[in-house]
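Notes for the structure review
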Amino acid sequence: MALKVGIIGNGGIANSHMYGYQDLGDRVEVVACCDINFDKAKEFAARYSIPNVYDNCYDMLRENALDIVSVCTWNAAHCECTVAALNAGVNVLCEKPMAMNAAEALKMEEAAKKAGKLLMLGFVRRQGDDAARAIELIKNGDIGEVYYAKATYLRRAGFPGGWFGNKALSGGGPLIDLGVHVIDLTRYIMGCPKPVSVYGATFDKLGARDSIRAGGGGWISETVVDKPVFDVEDLAVAMIRFDNGAVLQVETSFNLNLKNGVGDIEIFGTKAGFSMEQFELHTEKDHELADIQLKGDHRFVFDRDFKREVKNFADAVEGIAPCMAPAEDGVTLMKILDAVYLSAATGKSVDIL
Ligand SMILES: NC(=O)c1ccc[n+]([C@@H]2O[C@H](COP(=O)([O-])OP(=O)(O)OC[C@H]3O[C@@H](n4cnc5c(N)ncnc54)[C@H](O)[C@@H]3O)[C@@H](O)[C@H]2O)c1
């Protein structure tokens, strides 16, 4: 029997989830969708021939016997919609970031446990071939003991617009939007060590930088707002210490006066350093410095890896494969983000318990 699917929040990223479900053929049937902007829900339903359309998730969950939902709303509604679905006995794939903060994330994790249903997070970067190859390099001992890493996601002029700068809807700026991808991915590659303390700083010197937004690149929100609010940080930097002694340095911005945007993860070990961007090992050979370029195709491919994510979700729901992004990793991530924001506000290092 096909898994019955519902999509909550029918904006930009919901399309990527739909492509994933379409790719699963007759294993799934997308039977319902909803958006608080009913026009958007109707458009989405028409685009994908989805028979049942709603302006809220409660009616959708009550009137359809769903097996799984994707939660693709703005961040402020992730917790509410996820808990509603889990309480209705439905498995959930929730977009990143898991929630607005760790308290909400814990509520969601608890709801999943109580319902005995799967809550998977949309950490799509975990699905990339680059992540798998980096993990393999560490497992093979090519990097040695990993004791330092850098996660960088800097945009020169890349505020996505819409609700992304409105703290009440987003929970924060580039840290919670972009940082979440690279912090999670780096921690995942490092074997998910437990974070113990964080020192962070945030800035809002450039703000939305509307004047040159057109040149920004990156994800643009589909939700059009007349005058977008911008009350979040435009730059966040942080140092995260793990219980194995390793440290992760993070830099992430919507707007920053640098020459070119950067998206890279660098892992530094006793035998070699590794850059995901260059796909290169930096090491030594016979008392000489040596750089080893890995020539295979190890890219993260957005559409393909979204399909992998949705497939992994369906596989995990059906017990065919383990879930690659469980709720507990989302909770840990939200604890890190909370600690960065608290440290930035207090100027002090924050312990994570
Ligand atoms: N994984 C990725 O690479 C990636 C990329 C982009 C966005 N995202 C995430 O996806 C989510 C959505 O982003 P987007 O760019 O698609 O936003 P969007 O503005 O295009 O769409 C969000 C939609 O959610 C709807 N919504 C809000 N509250 C709702 C509720 N309670 N019930 C039903 N619908 C509700 C809005 O009306 C809107 O149509 C965000 O959490 C974002 O961080 C992830």
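Check the entry above for the structure.
Since the structure is predicted, the reported quantities are computational estimates derived from the model, not experimental observations.

Basis of the calculations
- Residues numbered from 1 in each chain as written.
- Predicted model: local features only at pLDDT ≥ 70, side-chain atom pairs only at ≥ 80, totals over all residues.
- Heavy atoms only, no water.
- Disulfide = S-S within 2.5 Å.
- Buried < 20%, exposed > 50% of the residue type's maximum accessible area, 1.4 Å probe, protein only.
- Pairing = 2+ DSSP bridges.
- Helix = DSSP H or I, 4+ residues; strand = E, 2+ residues; numbered from the N terminus.
- Axes fitted to C-alpha atoms, helices over the stretch in contact; angles between N-to-C directions.
- Contact = heavy atoms within 4.5 Å.
- Near = heavy atom within 4 Å.
- Polar contact = N/O pair within 3.5 Å; in protein donor to acceptor, adjacent residues only side chain to side chain.
- Areas by Shrake-Rupley, 256 points an atom, 1.4 Å probe, with all protein chains shown as cover.
- Nonpolar A, V, L, I, M, F, W, Y, C, P; charged D, E, K, R; others polar.

So, about the state of the cysteines. Here the structure, examined in full by the defined rule, presents zero disulfides. Of the cysteine sulfurs around Cys72, a residue in no disulfide, the closest is that of Cys94, at 8.4 Å. On the basis of relative accessibility, which here comes to 9%, the residue Cys72 falls in the buried class. Just so you know, Cys192 is unpaired, no disulfide at all, and the nearest cysteine sulfur is the one on Cys323, 12 Å from it. Taking the relative accessible area as the measure of exposure, Cys192 reaches 27% and is therefore partly exposed.

On to the sheet that holds strand β6 (residues 119-122). Backbone hydrogen bonds hold the strands of a sheet together, and the pairing may be parallel or antiparallel. Strand order in the open sheet formed by six strands is β3-β2-β1-β4-β5-β6, with parallel pairing between adjacent strands. A single partner strand is all that each edge strand has here, and the edge strands are β3 (52-54) and β6. For this sheet, the mean inter-axis angle between neighbouring strands, taken without regard to orientation, is 20°. Pairing of strand β1 (residues 3-8) with strand β4 (residues 68-71), which is carried by four bridges, proceeds in the parallel orientation. The partner of Gly6 across the bridge, within β4, is Val69. Helix α4 (residues 78-87) rests against β1, β4, β5 (91-95) and β6 of the sheet, and its axis sits at about 170° to β5.

This paragraph deals with the site of the ligand. The local shell around the ligand holds 30 residues, among which Asp35, Asn75, Trp163, Trp219 and Thr223 are the closest. The separation between an oxygen atom of the ligand and a polar side-chain atom of His78 is 2.9 Å. Glu95 has a polar side-chain atom sitting 3.1 Å from a nitrogen atom of the ligand. In the complex, the protein chains occlude 95% of the 850 Å² of accessible area that the ligand would expose alone. If you list the elements that add at least two residues to the shell around the ligand, you get α1 (12-23), α4, α8 (174-189) and α9 (302-317). When its residues are assigned to classes, the shell around the ligand shows 14 nonpolar, 10 polar and six charged.

This paragraph deals with the environment of Glu288. As for its placement among the helices and strands, Glu288 is situated in strand β14 (residues 288-293). Measuring from C-alpha to C-alpha, the distance between Glu288 and Gly179 comes to 35 Å, with 109 residues separating the pair along the chain.

Looking now at unusual backbone geometry. Of note, the bond from Lys96 into Pro97 is cis; its omega dihedral lies within 30 degrees of zero at -15°. You can see Pro97 is positioned in the loop between β5 and α5 (102-115). The backbone of Cys192 shows a phi angle near 55°, a positive value even though the residue is not glycine. Within the fold, Cys192 resides in the loop between α8 and β8 (195-203). A positive phi angle, near 65°, is found at His287, a position not held by glycine. With respect to the helices and strands, the residue His287 is situated in the loop between β13 (280-285) and β14.

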